[in-house]
Amino acid sequence: MKFNIKKVYSLEGMPSLIVLADKPENLPDDLFTVEEIEYLTHQHTVQKKKQFEFNRLNRWIFVQLFNPEEHTPYKRAESLRKAGCALALSLNEQKCESVTIIDCLTASLATFYLMEGLALGNYQFLKYQTNAVEKQHTLVEVNILSAFLKQELIDQLNYVVEAVWMARDLVNEPGSTLTATTLAESLRLMVHSTEIKIEIFNQKKIEALKMGGLLAVNRGSDEPATFTVLEYNPSNAINKQPLILVGKGVVFDTGGYNLKPSGSMSTMKSDMAGAAVAGATLYAIAKAHLPIHVLALIPATDNRINSKALVPGDIVTISDGTTVEIKNTDAEGRLILADALVYAKKFNPMLVVDLATLTGSATAAIGNIAAVAMHNGCENHFETLTDCGFKVHERLVSFPMWDDYAEMLKSDIADIKQLGGKHAGAITAAKFLEHFTDYPWIHIDIAGPSFSEKQDSYRGLGGSAFGVRLLFNFAKELSEED
Ligand code: BES
Ligand code: ZN
Ligand code: ZN
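Cut-off values and rules
- Residues numbered from 1 in each chain as written.
- Chains lettered and ligands numbered in written order.
- Predicted model: local features only at pLDDT ≥ 70, side-chain atom pairs only at ≥ 80, totals over all residues.
- Heavy atoms only, no water.
- Donors = N, O, S within 2.8 Å, 3.2 Å for Na, K, Ca; no water.
- Tetrahedral: all angles 85-135°; square planar, octahedral: opposite > 155°, others 65-115°.
- Helix = DSSP H or I, 4+ residues; strand = E, 2+ residues; numbered from the N terminus.
- Buried < 20%, exposed > 50% of the residue type's maximum accessible area, 1.4 Å probe, protein only.
- Pairing = 2+ DSSP bridges.
- Axes fitted to C-alpha atoms, helices over the stretch in contact; angles between N-to-C directions.
- Contact = heavy atoms within 4.5 Å.
- 1 Å grid on protein atoms, 1.4 Å probe; cavity = no way out; pocket = protein on both sides within 12 Å on 5 of 7 lines; lining within 4 Å.
- Points joined across faces, edges and corners; volume = space filled by probe spheres on them.
- Nonpolar A, V, L, I, M, F, W, Y, C, P; charged D, E, K, R; others polar.
- Disulfide = S-S within 2.5 Å.
- Expected span 1.5 Å × (residues − 1).
- Arc of directions from axis to C-beta.
- Core = buried A, V, L, I, M, F, W, Y, C linked by side-chain atoms within 4.5 Å.
- Near = heavy atom within 4 Å.
- Polar contact = N/O pair within 3.5 Å; in protein donor to acceptor, adjacent residues only side chain to side chain.
- Areas by Shrake-Rupley, 256 points an atom, 1.4 Å probe, with all protein chains shown as cover.

*Asks:* Before we move on, can you summarise the coordination of the zinc ion (ligand 3) with the specific residues and values?
*Replies:* The protein atoms donating to the zinc ion (ligand 3) are Lys248 (NZ), Asp253 (OD), Asp271 (OD) and Glu332 (OE), with metal-donor distances spanning 2.0 to 2.4 Å. Seen from the zinc ion (ligand 3), its six donor atoms lie at angles of 77 to 174 degrees, and the figure they make is octahedral. Distance-wise, the zinc ion (ligand 2) is placed 3.2 Å from the zinc ion (ligand 3), both being coordinated by aspartate 253. Here aspartate 253, found in strand β10 (residues 249-253), pairs with aspartate 271, found in the loop between α9 (262-265) and α10 (273-287); they are 18 residues apart in sequence, far enough to count as distant. In this structure, aspartate 253 and aspartate 271 share a single accessibility class: buried.

*Asks:* Can you break down the pairing of strand β9 (residues 243-247) residue by residue, with the values?
*Replies:* Along β9, five of the five residues are buried, which leaves the element largely enclosed by surrounding structure. Taking every second residue as pointing to the same face, both faces of β9 are buried, with Leu243, Leu245 and Gly247 on one and Ile244 and Val246 on the other. As judged from the four bridges shared by β9 and strand β11 (residues 294-303), these two strands associate in the parallel manner. Of the residues in β11, the one forming a bridge with valine 246 is leucine 297.

*Asks:* How would you summarise the coordination of the zinc ion (ligand 2) if you had to cite specific residues and measurements?
*Replies:* Here the zinc ion (ligand 2) is held by Asp253 (OD), Asp330 (O), Asp330 (OD) and Glu332 (OE), and the distances to it run 2.0 to 2.2 Å. For the zinc ion (ligand 2), the six donor atoms in the first shell make angles of 71 to 167 degrees at the metal, so the coordination geometry reads as irregular. In the primary sequence, the donor residues of the zinc ion (ligand 2) line up as D-x76-D-x1-E. Glutamate 332 sits in the buried class, given a relative accessible area of 1%.

*Asks:* So what about the sheet that holds strand β5 (residues 98-103)? Which residues, and what values?
*Replies:* Spatially, six strands are ordered β1-β6-β5-β2-β4-β3 in an open sheet, and the strand pairing comes out mixed. Strands at the two margins of the open sheet, each flanked by one partner only, are β1 (4-7) and β3 (51-55). Adjacent strand axes in the sheet meet at a mean angle of 20 degrees, parallel and antiparallel pairs treated alike. Where β1 and strand β6 (residues 141-145) come together, four bridges link them in parallel fashion. Opposite isoleucine 5, over in β6, you have valine 142 as the bridge partner. In the packing of helix α5 (residues 151-172) onto the sheet, contacts are made with β1 and β6, and the angle to β1 comes to roughly 175 degrees.

*Asks:* Quick one: what's the story with empty space enclosed by the protein, residue by residue and with numbers?
*Replies:* A full pass over the atoms with the stated rule returns two cavities of 30 Å³ or more. Roughly 80 Å³ of volume is contained in the largest cavity. Lining the largest cavity, in full, are Leu120, Val164, Arg168, His393, Glu394, Pro449, Tyr458, Arg459, Ser464, Ala465, Phe466 and Arg469. Split into classes, the residues belonging to the lining of the largest cavity amount to six nonpolar, two polar and four charged. By volume, the second largest cavity is sized at about 30 Å³. What lines the second largest cavity is simply Lys248, Asp330, Ala331, Glu332, Gly333, Arg334 and Leu358.

*Asks:* Kindly report on the state of the cysteines, identifying the contributing residues and their values.
*Replies:* Counted by the stated rule, this structure contains zero disulfides. Take cysteine 96: it sits in no disulfide, and the sulfur closest to it among the cysteines is that of cysteine 85, at 16 Å. As a non-bridged cysteine, cysteine 378 has cysteine 388 as the owner of its nearest cysteine sulfur, 13 Å distant. The exposure class assigned to cysteine 378 is buried, which follows from its relative accessible area of 5%.

*Asks:* Could you give an account of helix α6 (residues 180-191), naming the residues involved and the relevant values?
*Replies:* Over its 12 residues, α6 runs 17 Å from end to end, which matches the ideal 16 Å to within 8%, given 1.5 Å per residue. Considered for burial, the residues of α6 that qualify are Ala180, Leu183, Ala184, Leu187, Met190 and Val191. Projected down its long axis, α6 carries its buried residues within an arc of 115 degrees, all on one side. Against the buried residues of α6 lie α5, β7 (197-201), β8 (226-232), β10, α10 and β11.

*Asks:* Pulling in residues and values, what's your account of the nonpolar core?
*Replies:* Leu183, Leu243 and Ile444 are the most contacted members of the largest nonpolar core, which has 98 residues in total. In terms of residues, this core owes the most to one element, α10, which gives 11 residues. Grouped together as the second largest cluster of nonpolar side chains are 49 residues, Ile318, Ile326, Ala356 and Ala430 included.

*Asks:* If you had to explain the site of ligand 1 to someone new, which residues and values would you point to?
*Replies:* In the region of ligand 1, 15 residues are neighbours, and Lys260, Asp271, Asp330, Glu332 and Gly360 sit closest. Within the contact set of ligand 1, an oxygen atom lies 2.8 Å away from a side-chain nitrogen or oxygen of lysine 260. Considering ligand 1 on its own, with 520 Å² of exposed area, one finds that the protein chains cover 75% of that surface. Among the residues making up the shell around ligand 1, the classes are represented as four nonpolar, four polar and seven charged.

Read these as geometric descriptors, not functional statements.
Printed below as a string of structure tokens:
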């Protein structure tokens, strides 16, 4: 479904409206009677109600009240996104196809956040529903009447929303239909209308590159592995060394011979969320023509079982020659990421950011409301990224990278052990990955926030695409820095 947000400069006809104001008395007096304003004032002050709807027979008028002084700026933005999502629900219930937003607040980004929540909350995954036509949301267009919001910002919002929707579609696609090959081909389709160059390495090329981590995980599969390289390098790029995004692309994670218990396996089609987010972020960056050189590296396979599959005790050789003692076939993500992190070295990157649904331990530590992050050699970039996290409400919690944790990865029979001990699993996983880096690096474990089994406001049901807005905004800040 197409969805479009656009700027308008006058009110034509009698469109359905959302009117955003700080208090009832500041609402346009040609839209409401004195009695209605009195009613709104009473409901607002006594019942603390902020959202209202009026049926005008030929159109709907929704009122959103918002206190510009309440909470911190980040909390205010988030409550507006949630309000936008609730409005999307009401608009669809009333079968509205289009809505116009009137901003009675001057010089404020409030409408931007409202539209963001509205657009992201309008997402649906109906591909496999026979009654999709009846269920399909009617809302396809949002018009914004605002002197303050610049066209460029609206364009960027459209691209980011499109990217989030595409990433969610990929995550929501079942594990058996989205193979490593179809994931790579979907990425090709995603970027074909952009300046992004794409190269998909097949099994033969992966073997030639000696990507032993990716090949080891893929041994248990009938489907070949893929390794996709996406590159956006505009002529006006501000960076000489590229920014690289690496995304874990395990299209389904059964756990392998260390088979997952059924409850934990049921959502494992989402184990390629990092890949979807990395690809979709690059798409949004390219569509918005941000002047920054960025690549995405996406190793992809499923993690299944056959007679050739990896077993504990095996020794695997990563593409840089490092030998790894396998302790648990369910810790497959770090093996395929190791090869991608090694491959990133050849680009002499300014910074590599990997996104991976890597450990249950990350979720156990902080839940699904944020991602666990660790970094190395990039204090300033990490601070910028953390700030972006607060701005877009895709928050990061920084965990330590002390050397003590690396001690836990010492192996008696190989260069490194695949796992640490019983505790601190998110950190020892990061320490394992660190072994394959020699550049500034940020690791984001998105196991918690990337998928929700119940509707979670504008983040939706199923794949959330956590990370697209974070990394788009980060790339935007970097491209404005110099
Ligand atoms: N894909 C999982 C991690 C995961 C768990 C993602 C829950 C999303 C939700 C990963 O491959 C995995 O199985 N990790 C193991 C590692 C362990 C064997 C050291 C885990 O976290 O249990
Ligand atoms: Zn696993
Ligand atoms: Zn996994």
